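Breakdown of the fold
So you can see what is in the structure, the chains are spelled out below.
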Amino acid sequence: MERYTVHKVIGEGSFGRALLVQCKSTKEKYVVKEIQLPKNQSKFDSTRREAILLSKLKHPNIVAFWEAFEADDLLCIVMEYCGGGDLLQRIQQQKTVQFCVDDILKWFSQMCAGAKHIHDKRVLHRDLKSKNIFLTDNGTIKLGDFGSACILNSSKAYAHAYVGTPYYVAPEIWDNKPYNNKSDVWSLGCVLYELCTLRHPFQAPSWKSLILKVCRGTYPPLPNHLPYELQYLVKQMFKTNPKDRPSLHTILTSHRVSRLLRTHL
Ligand code: ADP
Ligand code: MG
């Protein structure tokens, strides 16, 4: 850590802290995610997984990995700093002013490009939500927080289906089925809906009624002024059977929506 000057704490969670730092020699800014290393060996390995997975993912729409090191009982992951903050903050800043269609499509297509890269590497993110999607100073989307990610078809992915933030969790997870690439697609559908309405698609006063809505796939319709292709896309992404949901490859290449998205990539 001697090579970096700590500027401030930008996030605090169960894992530890996220710090904004500056490299003393290059003056470049980074984020250091400090994660408490557990004493138990199997947990120790799963903690390291975040750094290992992130180091393997290189894409313009994924937070860039810089380096990782262990200091005392902390694992420090040094990564690209996204000065535009997270997408949840950005959505909340709007208060009630809707985003323009161009911004929605630009951000969404960048998210899909990043997520497709992850899936192509047989990695599942498993915690896609507006709080884990960042913006750079120049407004480029970066997917971040790989703390829940796993490798597809590994025994871990099947052993216990991970349950992320309830608003974004796909119906199959509530049904105790394994997490799969289409579950990430569902979560991205929730983010797309949030961008279109500034609200969650599935909201309820209790867990029970939330899960019921998710499993039935019932959500308030999108405002009429949005292009038909967007309404169609949201409908496809919220198919309750994961087999009926498009993959990211399909979203980015299928004729109906891809033309709309490609012009914004
Ligand atoms: P967790 O959700 O596991 O606590 P995150 O990796 O999502 O950890 O980081 C927590 C918070 O720190 C984020 O919600 C965000 O506000 C901030 N943060 C994390 N990484 C970055 C980054 N690369 N650039 C800017 N802010 C970040
Ligand atoms: Mg997070």
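Note: the structure precedes this text.
Cut-offs used in this document
Residues numbered from 1 in each chain as written. Chains lettered and ligands numbered in written order. Predicted model: local features only at pLDDT ≥ 70, side-chain atom pairs only at ≥ 80, totals over all residues. Heavy atoms only, no water. Core = buried A, V, L, I, M, F, W, Y, C linked by side-chain atoms within 4.5 Å. Buried < 20%, exposed > 50% of the residue type's maximum accessible area, 1.4 Å probe, protein only. Contact = heavy atoms within 4.5 Å. Near = heavy atom within 4 Å. Polar contact = N/O pair within 3.5 Å; in protein donor to acceptor, adjacent residues only side chain to side chain. Areas by Shrake-Rupley, 256 points an atom, 1.4 Å probe, with all protein chains shown as cover. Nonpolar A, V, L, I, M, F, W, Y, C, P; charged D, E, K, R; others polar. Pairing = 2+ DSSP bridges. Helix = DSSP H or I, 4+ residues; strand = E, 2+ residues; numbered from the N terminus. Axes fitted to C-alpha atoms, helices over the stretch in contact; angles between N-to-C directions.

**Structural notes on the nonpolar core**
- Among the nonpolar cores identified, the biggest contains 67 residues, and Leu-87, Phe-108, Met-111, Leu-192 and Ile-251 are the most heavily contacted of them.
- Residues contacting Ile-251, with those up to four places away along its chain left out, are Phe-108, Cys-112, Val-185, Leu-233, Met-237, Pro-246, Val-257, Ser-258 and Leu-261.
- Val-21, Cys-23, Tyr-30 and Phe-69 belong to the second largest nonpolar core, which has nine residues in total.

**Details of the site of ligand 1**
- Near ligand 1, the surroundings consist of 17 residues, among which Phe-15, Lys-33, Glu-80, Lys-131 and Asp-145 are the closest.
- At 3.0 Å from a nitrogen atom of ligand 1 is found a main-chain nitrogen or oxygen belonging to Cys-82.
- For ligand 1, the protein covers 86% of the area, taking 540 Å² as the surface of the free molecule.
- The residue inventory of the shell around ligand 1, partitioned by class, reads nine nonpolar, three polar and five charged.

**Looking at the pairing of strand S1 (residues 4–12)**
- Relative to strand S2 (residues 16–23), S1 runs antiparallel, the two sharing seven bridges. Bridged to Val-9 within S2 is Leu-19.
- Taking the residues between adjacent antiparallel strands as the criterion, S1 and S2 are bridged by three residues.

**Describing the pairing of strand S3 (residues 29–36)**
- Buried residues dominate S3, accounting for six of its eight residues.
- In this sheet, S3 lies alongside S2 in antiparallel orientation, the contact comprising seven bridges. Residue pairing across strands places Gly-16 opposite Ile-35, the latter belonging to S3.
- Count of turn residues in the S2/S3 antiparallel hairpin: five residues, of which Lys-27 carries a positive phi of about 70°.
- Pairing of S3 with strand S5 (residues 74–80), which is carried by seven bridges, proceeds in the antiparallel orientation. The residue of S5 that forms the bridge with Tyr-30 is Glu-80.

**Some words on the sheet that holds S2**
- What the five strands build is an open sheet, ordered S1-S2-S3-S5-S4; its pairing is antiparallel. Where the open sheet ends on each side, the last strands, each with one partner, are S1 and strand S4 (65–71). Neighbouring strand axes in the sheet, compared pairwise and without regard to direction, differ in orientation by 25° on average.
- Of the strands in this sheet, S3, S4 and S5 are in contact with helix H1 (residues 41–56), which crosses S5 at around 15°.

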